[in-house]
Amino acid sequence: MATVVFGAVGTALGGPVGGALGALLGQQVDNAIFKAPVRQGPRLNELAVTTSSYGMPIPRVFGRVRVPGTIIWATEIRESSETSGGGKGSPSTTSYSYSASFAVAVASRQVGGIGRVWADGNLLRGAAGDLKIGGTMRVHTGSGDQGPDPLIASAMGAHCPSFRDCAYVVFENLQLREFGSRIPALTFEVLADGDEVSAAQLLEKLGRPVEDRRPLSGLAGMTDDGGGFASILKTLDSVYPIALDVSGDVLSLAAADAEGQPVHQLPEAAALSGEDDGFSPRNGSARMRASGEEAVPTALRHYDASRDYQPGVQRAGGRSETGRPQTIELPATIAAEDARGLIAAAADRARQSRERLSWRLAELDPAIGPGAIVTLPGRRGTWRVDGWEWIGSGVELALTRQVTRTALATTPADPGKFQPIEDLAALPTILQAFEVPPATIPNGAGRRVTVAAGASGAGWPGAALHNVVADSLVPVGGIGPRQSVLGILAADLPSSPSLLLEPQATLEIELANAVHTLDSTTPESLMLGANTLRVGGEIVQFVHAERMDGSVWRLTGLLRGRRGTEGAAMAGATAGTDVALLNANVIEITEEALPSWSVALAALGLGDAEPVLAQIDHRGASFAPPAPVHPRIVRSGTGQMSLSWMRRARGGWDWSGAVEIPLVEDREAYRVGIGDIDAPLRFWDVETPKLNISIDQWGSFRTDYAGLALWVRQLGTFGQSPPTLLTVLA
């Protein structure tokens, strides 16, 4: 119930101080506090979004709240284009992006700063001040001497306003791709003042001294959209009972429900003569009891900071009461526990303070003012002074029975289930670029570069990918936010003949992102491509995965040298070698987008101060044929040495016995050579997987090239396979 003293406009109010009348309340205070509001007062909104309508009020913001803001300046939406591709006669692709620059007013008083920002319900700016998309954000706190924003000044020139005493935010070249190429609906977390809001702050524009003795415990923030100071106080009074004394030049506010106050004993009511105005002619008192039809507060709606300032509702417990249930709308940031206590206390007051008294005295003790606690002769309990009025026959007190607090006010509160939006800072990009033999027979024989990218934690938003050409970057495309599983070898990996599954073999890797995990599988699943890992130039598959410590994993049951990488398996790898899981999170770039001469790529994301460069490792591995297998040398019955081998095909790793191995290349061709692979002393080019050499010539080779290797390699359309050793001449 309200304990604020509302007097009629023009009525002279005063109080006896030292037995004399106090100073009359001037018309100025009366108008400032009590005149009828001409605009809507404080109210709780369902998180309204940014508008740009003329005449919309810019609220005063206190404490910590979430507000929509009003667009006060904007440019036209800007279009940018970027062309990629176009190699080897393929068409180029032009992509368009859009950005906008605009300013949003958030408060009509100076604030401490801006916290998080939401756009279309998603987090646009984190608590650390990081934007989740491209663009720049500047905050003007609304000080009395702030200067104009440089971007607005460049557009408006000398007529640019500074918007002093108005806090606003300027977005410059904010990327709009995530919002359908339009300015999104924004809401802002405004950090205006300290931890708790005071009543004196809310009345700072009153223009008269305020003595504030009314603590607003738990009130972390509040907005005022206009409507007069009386509406502010009345809204607060519904949950924070206020005793307001306007008898002097200073507006005094005190807690009407404060415990531990001194209790004053009132004398007997003054007897009346003549017209009694409803008072008892013998004792000068009038008793009133509220009817059961009055409104009873049962719920409190508020903003809950733990729910990203979404509206929350707390209800008063206890038995059902007669009367109309009332939901109090408080546009304030309050924790669920505090809101529960406030509505329970308000329900207690409504439940126990239906009995009211008017008590007439000949004169009033100066210590007894609004909010004072008194006892009455012949009546049980204590009473609170709601107000007093000086009349011709004495002083009339308005009394309400004092509330006795119950345990309901401290009942535990539940803010409700809420899934907050993760506030993850944009991390620097980790990039690997390499070529590997294709997993299946390729549709097209060109080069394919595999890109694996991620970060050291969650929150990586993806990056733009570029081809490094001399000192410039040429756009290639983009990498989405799904991270690849990246890492390095934690220990040396020994060599392997890569013939069979090695159940006891292990390797240890350290993942770049400790959140990532590796899963175990079955040996049968390896045949379907499960758990495929790139370790340097080798392709490895594993059966079991076990986390050792933090981001270090031990993999057991290895199938080495997959997809024709037996040579890399035989060489082994050292600790620190790059590792990447070849799953759906890696991307492939074809030669149409990336020319064959490209040697490096660069990624640039929100968390990258500079482009992140990565050399393309193992160039040629994606289009070179694999080395031939099953070499044989036999002496034929015709007196010749017959050399033979079996070809393999890129992507044809299943070795089906019912189907001939596909060629994949444009033609079948091999080179057999002696000595150095790149500069053989003697070589033969053949079109079938065999070569016949006469016995005499074979004998001379053994003499002339003793100790040198005799090898064969397949000549593919775009490259040559690694060599396969046929024999060492001796």
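Rules used in this analysis
Residues numbered from 1 in each chain as written. Predicted model: local features only at pLDDT ≥ 70, side-chain atom pairs only at ≥ 80, totals over all residues. Heavy atoms only, no water. Helix = DSSP H or I, 4+ residues; strand = E, 2+ residues; numbered from the N terminus. Buried < 20%, exposed > 50% of the residue type's maximum accessible area, 1.4 Å probe, protein only. Contact = heavy atoms within 4.5 Å. Areas by Shrake-Rupley, 256 points an atom, 1.4 Å probe, with all protein chains shown as cover. Phe/Tyr/Trp six-rings, centres within 6.5 Å; stacked < 30°, edge-to-face > 60°. Lys NZ or Arg CZ within 6 Å of the ring centre and 35° of its normal. Core = buried A, V, L, I, M, F, W, Y, C linked by side-chain atoms within 4.5 Å. Salt bridge = Lys/Arg side-chain N within 4 Å of Asp/Glu carboxyl O. Patch = residues over 30% accessible without salt bridge, like charges linked within 9 Å, V, L, I, M, F, W, Y side chains within 5 Å. Lys, Arg positive; Asp, Glu negative; His and termini not counted. Charge placed at Lys NZ, Arg CZ, Asp CG, Glu CD. Pairing = 2+ DSSP bridges. Axes fitted to C-alpha atoms, helices over the stretch in contact; angles between N-to-C directions.

Asker: Account for the overall build of the protein chain, naming residues and giving values.
Answerer: When helices and strands are tallied, the protein chain shows 8 helices and 44 strands. For the protein chain, the proportion of its 730 residues judged to be buried stands at 46%. For the protein chain, restricting intrachain contacts to residue pairs at least 6 apart in sequence, the fraction spanning at least 24 positions comes to 69%. For the protein chain, the computed accessible surface area is about 34,700 Å², with 51% contributed by carbon and sulfur atoms.

Asker: Tell me about the packing of aromatic side chains, and name the residues and values.
Answerer: This model, assessed by the stated rule, comprises 7 aromatic pairs. Measuring from ring centre to ring centre gives 5.1 Å for Phe 163 and Tyr 168, while their planes differ by 65°; the resulting arrangement is edge-to-face. When the ring of Phe 171 is compared with that of Phe 188, the centres are 6.3 Å apart and the planes differ by 40°; the resulting orientation is tilted. Residue Phe 171 is found in strand E10 (residues 167-175), and its partner Phe 188 is found in strand E11 (residues 186-191); the two are separated by 17 residues along the sequence. For the residue pair Phe 171 and Phe 188, the accessibility class agrees, reading buried in each case. An aromatic cluster of three or more residues is present, and its members are Phe 102, Phe 171 and Phe 188. Directly above the ring of Phe 434 sits Arg 534, whose terminal nitrogen or CZ lies 4.1 Å from the centroid.

Asker: Describe the nonpolar core, with residues and values.
Answerer: Judged by nonpolar contacts, the single largest core of 29 residues is most densely connected at Leu 219, Leu 236, Tyr 240, Leu 253, Leu 300 and Ile 334. Taken together, the elements giving at least two residues each to this core come down to helix H3 (199-202), helix H4 (229-237), strand E14 (242-245), strand E15 (251-255), strand E20 (324-333) and helix H5 (336-352). Beyond its immediate chain neighbours, meaning those up to four positions away, Leu 253 contacts Ala 199, Leu 203, Val 210, Glu 211, Asp 212, Arg 213, Arg 214, Leu 233, Ile 242, Ala 243 and Leu 244. Among the nonpolar cores identified, the runner-up in size contains 26 residues, and Phe 102, Val 111, Ala 119 and Val 169 belong to it.

Asker: Please provide a residue-by-residue account of the pattern of salt bridges, values included.
Answerer: Per the stated rule, a full pass over the model turns up 26 salt bridges. Residues Asp 120 and Arg 182 are paired through a salt bridge, measuring 2.7 Å at the closest nitrogen-oxygen approach. Taken together, the positions of Asp 120 in the loop between strand E7 (113-119) and strand E8 (122-125) and Arg 182 in the loop between E10 and E11 put the pair 62 residues apart, joining distant regions of the chain. Classification of Arg 182 as partly exposed rests on a relative accessible area of 39%. Three or more residues joined by partner-sharing salt bridges are found here, namely Arg 60, Arg 109, Asp 193, Glu 204 and Asp 224.

Asker: Explain unusual backbone geometry to me, and be specific about the residues and the numbers.
Answerer: Located in the positive-phi region is Asn 531, a residue other than glycine, with phi close to 50°. According to the relative accessible area criterion, Asn 531 is buried, its value standing at 16%. At His 630, a residue that is not glycine, the phi angle is positive and equals roughly 55°. Given the relative accessible area of 54%, His 630 is considered exposed.

Asker: Please set out a negative patch on the surface residue by residue, giving values where relevant.
Answerer: Side chains of Asp 195, Glu 196, Glu 337 and Asp 338 sit close together on the surface and give a patch of like negative charge. Here Glu 337 shows up in helix H5. According to the relative accessible area criterion, Glu 337 is partly exposed, its value standing at 43%.

Asker: Let's hear about H4: which residues, and what values?
Answerer: Judged by how many residues are buried, H4 sits mostly within the fold: 8 of 9 residues are covered. Taken together, the buried positions of H4 are occupied by Phe 229, Ala 230, Ser 231, Ile 232, Leu 233, Thr 235, Leu 236 and Asp 237.

Asker: Report on the pairing of strand E32 (residues 538-549), specifying residues and quantitative values.
Answerer: For a regular strand, the rule is simple: side chains alternate between the two faces of the sheet. Bridge count for strand E31 (residues 532-535) against E32 is 4 bridges, and the pairing is antiparallel. Pairing of Thr 532 across the sheet is with Gln 541, part of E32. For E32 and strand E33 (residues 552-559), the ladder comprises 7 bridges, and the chain directions are antiparallel. What sits directly across from Asp 549, in E33, is Val 552. Linking two consecutive strands that pair antiparallel, namely E32 and E33, is a turn of 2 residues; a positive phi of about 65° is found at Gly 550 within it.

Asker: Can you lay out the environment of Phe 229 for me, pointing to particular residues and giving the numbers?
Answerer: Position of Phe 229 relative to the elements: it lies in helix H4. Placed 24 residues apart in sequence, Phe 229 and Lys 205 show a C-alpha to C-alpha distance of 9.0 Å.

Asker: Can you break down the sheet that holds strand E42 (residues 690-694) residue by residue, with the values?
Answerer: Read from one edge to the other, the open sheet built from 3 strands follows the order E38-E39-E42, with strand pairing classed as antiparallel. The open sheet has two edge strands with one neighbour each: strand E38 (629-635) and E42. Ignoring strand direction, the axes of neighbouring strands in this sheet form an average angle of 15°. Docked against the sheet, helix H8 (residues 695-704) engages E38, strand E39 (640-646) and E42, running at close to 90° with respect to E42.

Asker: How would you summarise the sheet that holds E33 if you had to cite specific residues and measurements?
Answerer: Remark on secondary structure: sheet strands pair via backbone hydrogen bonds, oriented parallel or antiparallel. Taken together, 6 strands build a closed barrel; the order of strands is E29-E30-E33-E32-E31-E34 and the barrel is antiparallel. Mean inter-strand twist for the sheet, computed between neighbouring axes without regard to direction, equals 45°. Where strand E29 (residues 486-489) and strand E30 (residues 502-511) come together, 3 bridges link them in antiparallel fashion. Following the sheet pairing, Ile 488 is matched in E30 by Glu 510.

Asker: With reference to specific residues and values, describe the environment of Ala 568.
Answerer: For Ala 568, the location among the structural elements is in helix H7 (residues 566-571). By relative accessible area, which is 24% here, Ala 568 ends up partly exposed. It is 8.3 Å that separates the C-alpha atoms of Ala 568 and Ser 495, two residues lying 73 residues apart in sequence.

Asker: Break down the environment of Ala 627 for me, with residues and values.
Answerer: Of note, Ala 627 is situated in the loop between strand E37 (612-617) and E38. When the C-alpha positions of Ala 627 and Gly 567 are compared, they lie 9.3 Å apart, and in sequence the two are 60 residues distant. If sequence neighbours within four positions are ignored, Ala 627 has contacts with Arg 648, Ser 721, Pro 722, Pro 723 and Thr 724.

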